[in-house]
Amino acid sequence: MMPSVDLIELVSQRMERFAEDRIEEAAELGPDAVAFVRTAAETITGGKRLRGRFCLTGWWAVAGVSRRGVTEVDPAAVAAAAALEIFHAAALVHDDLIDNSDTRRGRPAAHRALESGHGARGWNGDGATYGRSAAILLGDLLVAWSDDLLEEGIRHSDTAAAARLEYARMRREVTVGQLLDLAEEAAALSVDDAEHADRALRVATYKSARYSVLQPLLIGAELAGATQHQREALGRFGLPIGLAFQLRDDVLGVFGDSSVTGKPSGDDLREGKRTLLIAFTRETLATGARHTLDELLGDPDLDEEQISSLQRTIIDSGALARVEDLISDYAVEADRALRGAALDNAAVGALRDLARAAVARTS
């Protein structure tokens, strides 16, 4: 059975120790470098640690069988889980830049925090430009941190090579997935309407589903020495749960409570996200109504009344109900994949708990 530990706390403590070492190193470069590195450290605080938890539970699911139970968590798996969370922080920094988001987890987005620091110091030049430029570098630094922590943690592991390959695949895919998201917004009115749903699902798969659930699971499993059958079982579970997770995120991006999500209600509508929710909505609208939706989607100045009108259109079209049904279907498909799998029974229970948390969340 898994040791009685708080996985979130375990991952967070590993990240904090790593960040403290980086702040200490930065002292040699002067106060500006220290301030910058401290900002990087702030971006890795908070959050649900979902990717780290899936990684450690994937490790447990395999280690509990191959080692006939586990009494302590492999430090290499903890390091990999922490590295995943730091990489996620990097992705969020760049994502907020791309989307022009002002907030993240109820706090100023990194580029806004860096802009404020520029102003507080009375520096020359445009603060917003500085904030955006510095945030690009901040995201790059976090990517380097994630690599450094991964290598530091797994270098003595016999299974490091397989985990490293999966981690590298994740990095490549999510970067291209982010581009697919950008391309979808740009190309939406240039492609056939019948293609929108498939294209939205492709974005959801590569920008989020594989990166958020499937690949963290496989990285953890590889560190535990997974067999091909175990990889396949975790894959059949991880992909549909990852898709359900992203579809829930899409719903929250339109209908979420800002006091819970930490982002303004309807933010995805202002950002022009071409999600499956929007694709399903467009399928049912008459030409004129579809044109109105397309004109409003992506307007950063949408007021509350316009947001409410778009939300009502999505509901009345049946799109919200279709997405909710799909989320449920994916959850059932994932649960079925765990039945009879050669995985630790207690870990399977933990995976089901994680799946419920990913699908039924409100933030």
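Computed from a prediction, not measured in an experiment: that's the story for all the values here. (Residues numbered from 1 in each chain as written. Predicted model: local features only at pLDDT ≥ 70, side-chain atom pairs only at ≥ 80, totals over all residues. Heavy atoms only, no water.)

Asker: Mind laying out the overall build of the protein, listing which residues take part and the relevant values?
Answerer: Helices and strands together make up the secondary structure of the protein, namely 16 helices and 2 strands. The C-alpha atoms of the protein give a radius of gyration of 21 Å, which matches the 21 Å a tight globule of 363 residues would have. Seen through its principal axes, the protein has C-alpha atoms that stretch 60 × 60 × 35 Å. When burial is assessed residue by residue, the protein has 54% of its 363 residues classed as buried. Look at the contacts in the protein between residues 6 or more apart in sequence, and 76% of them connect residues 24 or more apart. When the accessible area of the protein is evaluated, it comes to approximately 16,200 Å², of which 51% is carbon and sulfur surface. (Helix = DSSP H or I, 4+ residues; strand = E, 2+ residues; numbered from the N terminus. Rg over C-alpha atoms; globule rule 2.2 N^0.38 Å. Buried < 20%, exposed > 50% of the residue type's maximum accessible area, 1.4 Å probe, protein only. Contact = heavy atoms within 4.5 Å. Areas by Shrake-Rupley, 256 points an atom, 1.4 Å probe, with all protein chains shown as cover.)

Asker: Quick one: what's the story with the packing of aromatic side chains, residue by residue and with numbers?
Answerer: A complete count under the given rule lists 3 aromatic pairs for this structure. An angle of 75 degrees between the planes, with centres 5.9 Å apart, marks the rings of Phe18 and Trp145 as edge-to-face. Of this pair, Phe18 sits in helix α1 (residues 7-26) while Trp145 sits in helix α6 (residues 127-154), and the two are 127 residues apart along the sequence. What makes Trp145 buried here is its relative accessible area of 4%. For the pair Trp123 and Tyr130, a centre-to-centre distance of 5.5 Å together with 85 degrees between the ring planes defines the contact as edge-to-face. Over the face of the ring belonging to Phe18 we find Arg22, whose NZ or CZ atom lies 4.4 Å from the ring centre. (Phe/Tyr/Trp six-rings, centres within 6.5 Å; stacked < 30°, edge-to-face > 60°. Lys NZ or Arg CZ within 6 Å of the ring centre and 35° of its normal.)

Asker: How would you explain the nonpolar core if you had to name every residue and give the values?
Answerer: If you look at the biggest cluster of nonpolar residues, it comprises 110 residues, and the most contacted ones within it are Phe54, Trp59, Leu142, Phe237, Leu269 and Leu343. It is helix α4 (residues 75-99) that provides the largest number of residues to this core, a total of 15 residues. Excluding its chain neighbours within four sequence positions, the residues that come into contact with Phe54 are Ser212, Val213, Pro216, Leu217, Phe237, Ile241, Leu351, Leu354 and Ala355. (Core = buried A, V, L, I, M, F, W, Y, C linked by side-chain atoms within 4.5 Å.)

Asker: Tell me about a negative patch on the surface, residues and numbers included.
Answerer: A cluster of acidic side chains, namely Asp6, Glu9, Glu16, Glu20, Asp21 and Glu24, defines a negative patch on the protein surface. Here Glu20 is to be found in helix α1. (Patch = residues over 30% accessible without salt bridge, like charges linked within 9 Å, V, L, I, M, F, W, Y side chains within 5 Å. Salt bridge = Lys/Arg side-chain N within 4 Å of Asp/Glu carboxyl O. Lys, Arg positive; Asp, Glu negative; His and termini not counted. Charge placed at Lys NZ, Arg CZ, Asp CG, Glu CD.)

Asker: Quick one: what's the story with the confidence of the model for the protein, residue by residue and with numbers?
Answerer: For the protein, the average pLDDT comes to 94, and 98% of its residues sit at 70 or higher. Within the protein, the element-level pLDDT minimum falls on helix α10 (residues 258-261), averaging 82, and the maximum on helix α15 (residues 319-338), averaging 98. (pLDDT = per-residue confidence, 0-100.)

Asker: Go over the packing of α1 against helix α3 (residues 50-66) with me, naming the residues and quoting the values.
Answerer: Taken N-terminus to C-terminus, the directions of α1 and α3 make an angle of 110 degrees; their axes are 9 Å apart at the nearest point. The angle between α1 and α3 falls in the class roughly perpendicular. The chirality of how α1 crosses α3 is right-handed. Taking contact as the criterion, the partners of Leu7, Ile8, Leu10 and Val11 in α1 are, on α3, Arg53, Leu56 and Thr57. By residue class, the composition of the contact of α1 with α3 is 5 nonpolar, 1 polar and 1 charged. (Axes fitted to C-alpha atoms, helices over the stretch in contact; angles between N-to-C directions. Parallel < 35°, antiparallel > 145°, perpendicular 65-115°, else oblique. Left-handed = near helix turned anticlockwise from the far one by under 90°. Nonpolar A, V, L, I, M, F, W, Y, C, P; charged D, E, K, R; others polar.)

Asker: Break down the side chain of Gln178 for me, with residues and values.
Answerer: With respect to the element layout, Gln178 can be found in helix α7 (residues 160-187). If we skip the residues at most four places from it in the chain, Gln178 touches Asp95, Ile98 and Lys207.

Asker: Please provide a residue-by-residue account of α4, values included.
Answerer: For an α-helix the count is 3.6 residues per turn, leaving residues at separations of three or four pointing the same way. For α4, which comprises 25 residues, the first-to-last C-alpha distance of 36 Å matches the rise-based estimate of 36 Å (1.5 Å per residue) to within 8%. Most of α4 is tucked away: 21 of the 25 residues are buried. N-capping of α4 is provided by Asp74, with a side-chain oxygen placed 3.0 Å from the backbone N of Ala76. Trailing α4 by a residue or two, Asn100 shows a phi angle of about 55 degrees, which is positive. (Expected span 1.5 Å × (residues − 1). Polar contact = N/O pair within 3.5 Å; in protein donor to acceptor, adjacent residues only side chain to side chain.)

Asker: Account for helix α12 (residues 276-284), with residues named and values stated.
Answerer: Taking burial as the measure, the 9 residues of α12 include 7 buried ones, the bulk of the element. Every buried residue belonging to α12 is among Leu276, Leu277, Ile278, Ala279, Phe280, Thr281 and Arg282, and all of these are buried.

Asker: Any chance you could break down a nonpolar patch on the surface for me, citing the residues and the numbers?
Answerer: A surface patch of nonpolar side chains, amounting to about 240 Å² of accessible area, comprises Ile98, Leu179 and Leu182. Following the sequence through the fold, Leu182 ends up in helix α7.

Asker: I'd like to hear about the environment of Glu115, residue by residue, with values.
Answerer: Mapped onto the fold, Glu115 is located in helix α5 (residues 110-120). Sequence-wise, Glu115 and Asp126 are 11 residues apart; in three dimensions their C-alpha atoms are separated by 8.7 Å. Each residue touching Glu115, except ones within four places of it in the same chain, is listed here: Gly127, Ala128 and Gly131.

Asker: I'd love a proper account of the pattern of salt bridges, names of residues and values included.
Answerer: Going through the model one piece at a time under the given rule, you end up with 29 salt bridges. In this structure, Asp99 and Lys273 form a salt bridge, with 3.0 Å as the shortest nitrogen-oxygen distance. Here Lys273 lies in the loop between α11 (267-271) and α12 and Asp99 lies in helix α4, a separation of 174 residues in the sequence. No difference in accessibility class separates Asp99 from Lys273, as the two residues are buried. The closest approach of N and O atoms between Arg361 and Asp249, which form a salt bridge, is 3.4 Å. Here Asp249 lies in helix α9 (residues 228-255) and Arg361 lies in the segment after α16 (345-359), a separation of 112 residues in the sequence. Judged by relative accessible area, Asp249 falls into the partly exposed class, the value being 32%.

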